[in-house]
There are 2 protein chains.
Amino acid sequence: MTTDEKLAKLRRLMKEKNLTAYYVNTADPHQSEYIAEHYQIRSWLTGFTGSAGYALVTQEEALLWVDGRYFIQAEKEISGTEFKMLKIGNSAYPTIEQWLTRYLSRNDVLAMNGELISESFYLKLEKTLKPYGILIKTDYQLVEEIWQNRPAKPDAFLFTHELQYTGKTAAEKVNLIRKKMMQDQAEAALYAGLDDICWLFNIRGGDIANNPVVISYALITMDQAILYVDKNKVVKQTDEHLSENNITIKEYDLVFSDVENLHVSTLVLNQEKINHNLFNKIPESIRIINKQDYPYLIKACLNDVELKNQRNSYIKDSVALTRFIYYIKQNLDSGKLNELNVAQTLHDLRKEQDLFLDESFPTIAAYGANGAMMHYRATPENYSKIEPEGFLLIDSGGHYLDGTTDITRTISCGILTEEHKTDYTLTLKAHINLARAIFLSGATGYYLDVLARQPLWQYHMDYKSGTGHGVGYLLGVHEGPQRFNMHYADVPLQEGMVITNEPGVYKEGKYGIRLENDYVIAKDKKVDADQFMKLDCLSFVPFDRDAIDISLLEKYELDWLNCYQQEVYQKVSPFLNQQEKAWLKEETAAM
Amino acid sequence: MTTDEKLAKLRRLMKEKNLTAYYVNTADPHQSEYIAEHYQIRSWLTGFTGSAGYALVTQEEALLWVDGRYFIQAEKEISGTEFKMLKIGNSAYPTIEQWLTRYLSRNDVLAMNGELISESFYLKLEKTLKPYGILIKTDYQLVEEIWQNRPAKPDAFLFTHELQYTGKTAAEKVNLIRKKMMQDQAEAALYAGLDDICWLFNIRGGDIANNPVVISYALITMDQAILYVDKNKVVKQTDEHLSENNITIKEYDLVFSDVENLHVSTLVLNQEKINHNLFNKIPESIRIINKQDYPYLIKACLNDVELKNQRNSYIKDSVALTRFIYYIKQNLDSGKLNELNVAQTLHDLRKEQDLFLDESFPTIAAYGANGAMMHYRATPENYSKIEPEGFLLIDSGGHYLDGTTDITRTISCGILTEEHKTDYTLTLKAHINLARAIFLSGATGYYLDVLARQPLWQYHMDYKSGTGHGVGYLLGVHEGPQRFNMHYADVPLQEGMVITNEPGVYKEGKYGIRLENDYVIAKDKKVDADQFMKLDCLSFVPFDRDAIDISLLEKYELDWLNCYQQEVYQKVSPFLNQQEKAWLKEETAAM
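What to know about the overall build of chain A
Move 1: In terms of helices and strands, chain A carries 19 helices and 28 strands.
Move 2: Computed over its C-alpha atoms, the radius of gyration of chain A comes to 25 Å, within 12% of the 25 Å expected for a compact globule of 591 residues.
Move 3: Along the first, second and third principal axes, the C-alpha set of chain A runs to 70 × 55 × 45 Å.
Move 4: When the 591 residues of chain A are sorted by exposure, 49% land in the buried category.
Move 5: Look at the contacts in chain A between residues 6 or more apart in sequence, and 67% of them connect residues 24 or more apart.

Here we look at the relation of the copies chain B and chain A
Move 1: Its rotation angle being 180°, the transformation that places chain B on chain A also includes 0.0 Å of axial translation and leaves an RMSD of 0.1 Å. Here the transformation between the copies is reduced to the relation of a two-fold axis. Minimal C-alpha distance to the rotation axis in chain B is attained by Tyr447(B), lying at 2.5 Å.
Move 2: Both copies contact each other with a shared surface, as 100% of the interface residues of chain B are interface residues in chain A too.

Points about unusual backbone geometry
Residues and elements named next belong to chain B.
Move 1: Even without being a glycine, glutamine 31 presents a positive backbone phi close to 55°.
Move 2: Among the secondary structure elements, glutamine 31 is positioned in the loop between β1 (21-24) and α2 (41-46).
Move 3: A count of 21 C-beta atoms within 10 Å places glutamine 31 in the buried class.
Move 4: A positive phi angle, close to 60°, is found at histidine 460, a residue other than glycine.

A closer look at the pairing of strand β24 (residues 498-501) of chain A
Residue and element names in this part refer to chain A.
Move 1: In β24, alternate side chains face the same way, and those of Val498 and Thr500 on one face and Ile499 and Asn501 on the other are all buried.
Move 2: Pairing of β24 with strand β27 (residues 517-527) involves four bridges; the strand directions are antiparallel. Residue asparagine 501 lies in a different strand from β27, and its bridge partner there is asparagine 517.

Describing the sheet that holds strand β2 (residues 54-57) of chain A
All names here are of chain A.
Move 1: Strand order across the open sheet formed by six strands is β4-β3-β2-β1-β5-β6, with mixed pairing between neighbours. Because the sheet does not close on itself, it has two edges, and the strands there are β4 (84-87) and β6 (135-137). Adjacent strand axes in the sheet meet at a mean angle of 25° when their direction is disregarded.
Move 2: Both strand β1 (residues 21-24) and β2 contribute to a ladder of three bridges, which runs antiparallel. Within β2, the residue paired with valine 24 across the bridge is alanine 55.

Details of the domain arrangement of chain A
Interface size is commonly expressed as the accessible surface area that is lost when the partners come together.
Move 1: Its domain assignment divides chain A into domain 1 (3-146), domain 2 (159-298) and domain 3 (304-587).
Move 2: When each unit is reduced to the centre of its C-alpha atoms, the spacing between domain 1 of chain A and domain 3 of chain A is 37 Å.

Focus: the sheet that holds strand β12 (residues 247-250) of chain B
All names here are of chain B.
Move 1: Pairing is mixed across the open sheet formed by six strands, whose spatial order is β12-β11-β10-β8-β13-β14. Both edges of this open sheet fall to β12 and β14 (287-290), since each of them pairs with a single strand only. Averaged over all adjacent pairs, the angle separating strand axes in this sheet is 20°, with direction ignored.
Move 2: Of the strands in this sheet, β8 (188-191), β10 (217-221), β11 (225-228), β12 and β13 (266-269) touch helix α8 (residues 170-183), which is tilted by about 65° from β10.

Some remarks on helix α3 (residues 71-78) of chain A
Residue and element names in this part refer to chain A.
Move 1: Here α3 has its buried residues at Ala74, Glu77 and Ile78. What you see down the axis of α3 is that its buried residues fit within an arc of 85°, all on one side. Among the exposed residues of α3, those pointing more than 90 degrees away from its buried face are Ile72 and Lys76.
Move 2: The inward-facing, buried residues of α3 abut α2 (41-46), β3 (62-66) and β4.
Move 3: Where α3 terminates, the next one or two residues include glycine 80, which has phi positive at roughly 90°.

Section: the confidence of the model for chain A
Parts of the model with low pLDDT should not have their predicted coordinates read in detail.
Move 1: Scored by pLDDT, chain A has a mean of 97; 100% of the residues are at 70 or more.
Move 2: We note a pTM of 0.94 for the whole complex and an ipTM of 0.93 for its interfaces.

Quick word on the interface of chain B and chain A
Move 1: Opposite the 22 residues of chain B that make contact, chain A presents 22 residues.
Move 2: Secondary structure elements with two or more residues in the side of chain B that touches chain A: β21 (438-440), α17 (445-457), β27 (517-527), β28 (530-537) and α18 (555-572) of chain B.
Move 3: Top element by residues in the side of chain B that touches chain A is α17(B). It accounts for seven residues.
Move 4: The residue makeup of the side of chain B that touches chain A, split by class, is 14 nonpolar, three polar and five charged.

Description of helix α10 (residues 236-244) of chain B
All names here are of chain B.
Move 1: Listed in full, the buried residues belonging to α10 are Thr238, His241 and Leu242. End-on view of α10: buried residues confined to an arc of 95°, all on one side of the axis. Turned more than 90 degrees off the buried face of α10, the exposed positions are Lys236, Glu240, Ser243 and Glu244.
Move 2: The inward-facing, buried residues of α10 contact β7 (159-160), α9 (194-201), β9 (203-204), β11 and β12.
Move 3: Of the residues one or two after α10, asparagine 246 is the one with positive phi, at around 60°.

Overview of the nonpolar core
Move 1: If you look at the biggest cluster of nonpolar residues, it comprises 342 residues, and the most contacted ones within it are Tyr22(A), Leu64(A), Tyr22(B) and Leu64(B).
Move 2: Excluding anything up to four places from it in sequence, Tyr22(B) contacts Leu10(B), Met14(B), Val57(B), Ala111(B), Met112(B) and Leu142(B).

Focus on the packing of helix α16 (residues 418-435) of chain B against α17(B)
Residue and element names in this part refer to chain B.
Move 1: In contact at an axis separation of 7 Å, α16 and α17 are set at 155° when each is read in the N-to-C sense. With respect to α17, the element α16 is oriented roughly antiparallel. α16 and α17 meet at a crossing whose hand is right-handed. Residues Leu426, Lys429, Ala430, His431, Asn433 and Leu434 of α16 touch α17, and the partners they reach there are Leu448, Leu451, Ala452, Arg453, Gln454, Pro455 and Leu456.
Move 2: Looking at side-chain class alone, the contact of α16 with α17 contains eight nonpolar, three polar and two charged residues.

Things to note about the environment of Asn275(B)
Residue and element names in this part refer to chain B.
Move 1: With respect to the secondary-structure elements, asparagine 275 resides in the loop between β13 and α12 (276-280).
Move 2: Owing to 25 C-beta atoms within 10 Å, asparagine 275 belongs among the buried residues under this scheme.
Move 3: Considering only alpha carbons, one finds asparagine 275 and glutamine 310, 35 residues apart in sequence, at a separation of 32 Å.

Some details on the environment of Ala589(A)
All names here are of chain A.
Move 1: When you line up the elements, alanine 589 lands in the segment after α19 (578-587).
Move 2: Owing to 12 C-beta atoms within 10 Å, alanine 589 belongs among the exposed residues under this scheme.
Move 3: With 20 residues separating them along the chain, alanine 589 and tyrosine 569 place their C-alpha atoms 9.0 Å apart.

Side note on the environment of Leu576(B)
Residues and elements named next belong to chain B.
Move 1: Relative to the helices and strands, leucine 576 resides in the loop between α18 and α19 (578-587).
Move 2: Taking the C-alpha atoms as reference points, leucine 576 and valine 319, separated by 257 residues in sequence, lie 7.6 Å from one another.
Move 3: Sequence-distant contacts of leucine 576, defined by excluding residues within four places in its chain, comprise Arg323, Lys581 and Leu584.

The rules behind these values
- Residues numbered from 1 in each chain as written.
- Chains lettered and ligands numbered in written order.
- Predicted model: local features only at pLDDT ≥ 70, side-chain atom pairs only at ≥ 80, totals over all residues.
- Helix = DSSP H or I, 4+ residues; strand = E, 2+ residues; numbered from the N terminus.
- Rg over C-alpha atoms; globule rule 2.2 N^0.38 Å.
- Buried ≥ 20, exposed ≤ 12 C-beta atoms within 10 Å, placed from the backbone.
- Contact = placed C-beta atoms within 7 Å.
- Least-squares fit on C-alpha atoms with pLDDT ≥ 70 in both.
- Pairing = 2+ DSSP bridges.
- Axes fitted to C-alpha atoms, helices over the stretch in contact; angles between N-to-C directions.
- Domains from an automatic or database assignment.
- Arc of directions from axis to C-beta.
- pLDDT = per-residue confidence, 0-100.
- Nonpolar A, V, L, I, M, F, W, Y, C, P; charged D, E, K, R; others polar.
- Core = buried A, V, L, I, M, F, W, Y, C linked by C-beta atoms within 7 Å.
- Parallel < 35°, antiparallel > 145°, perpendicular 65-115°, else oblique.
- Left-handed = near helix turned anticlockwise from the far one by under 90°.

Put into structure tokens, the structure is as follows:
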């Protein structure tokens, strides 16, 4: 079916049902950052395959809003169809709210699948449209109806995340949640966030690519803990694990009727996570406590067992990365390296490591000018060969049973210009200045962000991304409230939080440089009442000495670098063969 | 009258009127930061002379809340009286809200003078007490009634701040306000902030020590601009100035009846600034737009004429300070220097400068261990002699017709230990790292604050104050929304804002170090859409080379220092005599 045939079918259905406009977003019922094929409804309808964006269809118009990452890709993918692209964040284009309030009339109906929007999104939309008399209906699945050969719901088996990795049993975690509920005088808690549920019940799965989660809901009361999940996915071992921890398993869809028949007076949930259709089932008599989910905040700070494991997974990942860099350096002149096969090589090297499960996101291998595109993905149709010059940017990560990693290295492939070296060194300065920060307990990631940007700002350069994000523990590679960012968020950095530090320089048509290590927030000295904190490094992969112009480094920066490189050698070399070891010794020698 | 006699009289009045508790704060009707003698009601009643704090009196209790700056002083000053001190910010003591809700009963009456509290304070208090059925009455002036020999209201003459200093006529400024009013659909604007009114009408006065303001209100409508002020204070020249700018003068107290009879449908004001009694007069039919006063935000960014003048006033002030440091250095061995007479010398040197009016705040001259008390004031009863060793901290500023300054230098008086030098140099590093910041337009002072703290945090030291505050223009030395601070405020630093940079090291019983320059926010390069900003220095007084350990400075810090010292010499030396000049040449020579 062509896009325009799909549109014709959709419009016929809309006409039958008297719907003025139909909204299609990129989401699953759990507001996941990444979604399974089964939920790629917007992608199927519009032909645009990017990871974010939303469409609106009326009898006259077919509109697609996309953000800056995808302007070029979306334009290409929807060309020749009736869809028009609207650029998010560009004031020359109306926002969807502006478009709706301008072109829809009183009593017009905007329809959508309410299972795919959060309650908070619904409330915001309702507030915007109500003054204009525009009605919202949320019980339609029109695109789903016309989607032939729609991929099935994911059916990966669940597995238990064992106590040796989690440090706490599921029963202990549920009790912790119950304590929080009592403090808030909540009699029940409802969860839809897949990472929250997996953490809480010590389960993992494979329902979303690169995200070892299980499509599920959870309901906790003072005497019950229920996991709503496709029972076919629960193998005997997991069944036993859940039952040992007093967790009841029910079929996924039963959450709707259970919530409808819930007999409690107060229910705590996060309206950003619970979808509108599920929220709608909650009896009116129940008082809602709307707040950030407890699991989301608790799991952001790793416990001692998790942290010990996480450290170990980073060492293994660092070994794979270091061996990868050695491989690249050895094969630069072979003429055989390209963006696709080096990503495969990196995968093979990670796979050799103990407890490896999967990449934590699709590897970005971007050579030369491709590196300037922050979200570049090489494809079999479109990839670059690696020449013996310039930079290869590799942003990748792994899921291991004992942790999740995320790391970026920019590798010198041979001849570098002075500009290459200057920008690499400035990026390194940015990284170092944040990495060595010591700060008072209570400081936010917003407060510290400038430490990374300042060395680049001194040269009037900026990177158009955050400086760092939280990392989950065998869960999402983007997770938790912690981040280094220029946008304020009132989230103090707390002991046990894992966070990335990834400043960069991106020059369109030339190259991209990003240097990313991950750190755990740790206690430093306490002086009187002042608890100082620091960033404790998890990643140990050498920075590329060929790309560093040491004349640009201050003494303390050079000290940091030499000390770091030394630590890389100490931690990684025991796992290398003789040639690799010899190379690493030179690569990490004091500069 | 002793404090306990005052309390007895107050309690008798309270009993007559059936008032359970009486609240006395430190304020004037304009919520000024500093207040005239006439309004020092809390000070008169309690005997505690600090600049902040509030008292609560019942038949059984006499309570005084004070903040950390004043614990020692307040304890001393109220000892032997019935007053008890409660420490603000110390959880061992109840807050006043906690105390009131715990010890007062339903239908008890808390009374106060509503002219001395802001409307927003009243609303907050009412919200807290209402659930407990505690009543608030705001039409009492009981302490004022029993205060015999109360100082009269200030009666300083007004003077005109001439166009050559202001760059805009009062009529132009009023028109600017009217434009803003139209944007907000406000038909009238009411002002109580003395700095706002003085700026708006290009007037100054002398009603509050070190604050060249005029006790007044202002009301702006689309066709009238009214200044409410004691007419006896308006001399002919000012009367003409106001009339030329179409500003009507009315007696101070008439604002109450004018507001009561105001015929507009919308009124814009700031509930943080308008006192409760005045707010109460506003007819209920008027819709209130509660927001930050326009003059407060507009005047925070100096216009070109103001900035040219402000720069000039800082050069004059820097000359006075530099000559002062020379004087100190020459007289260290005389045995005659003390905290009081050096402050007088500094005053005399400032007075020699063109257009000098007054200190912008009482000079802090703190020798040795006194410097560790951030708000130390030497008094004729209690001051230190300056010995030829250790540090003298001088924090001072001047009001000139063409600007207001604020600067701190810490002067080596002779023998210094390594600890002295290390801490001085770390403070200098902190200063430099903020001073040289380059940042994207839109960054807040909170976002940049860490640049100053980081060099000290690296040594596990912190200063318990903000890093910087806004400075007015022949108005308050603390002014404007801009600041460098660890507490978040959503105030981007904008071109033309003047702000201090004053990190420090304070070691109890040993010494205090503070190094303060003032800067104006200025545009730096623009690269594509990125407008970079910088801090442009206003103050040019040498840092003390005897106190600097250059081994602790990074190369870029030493470069900054040498460049700064060179600029000091260039800008200040033309105004010095031969001996001073020769000394400054050596003092500022490259290190």
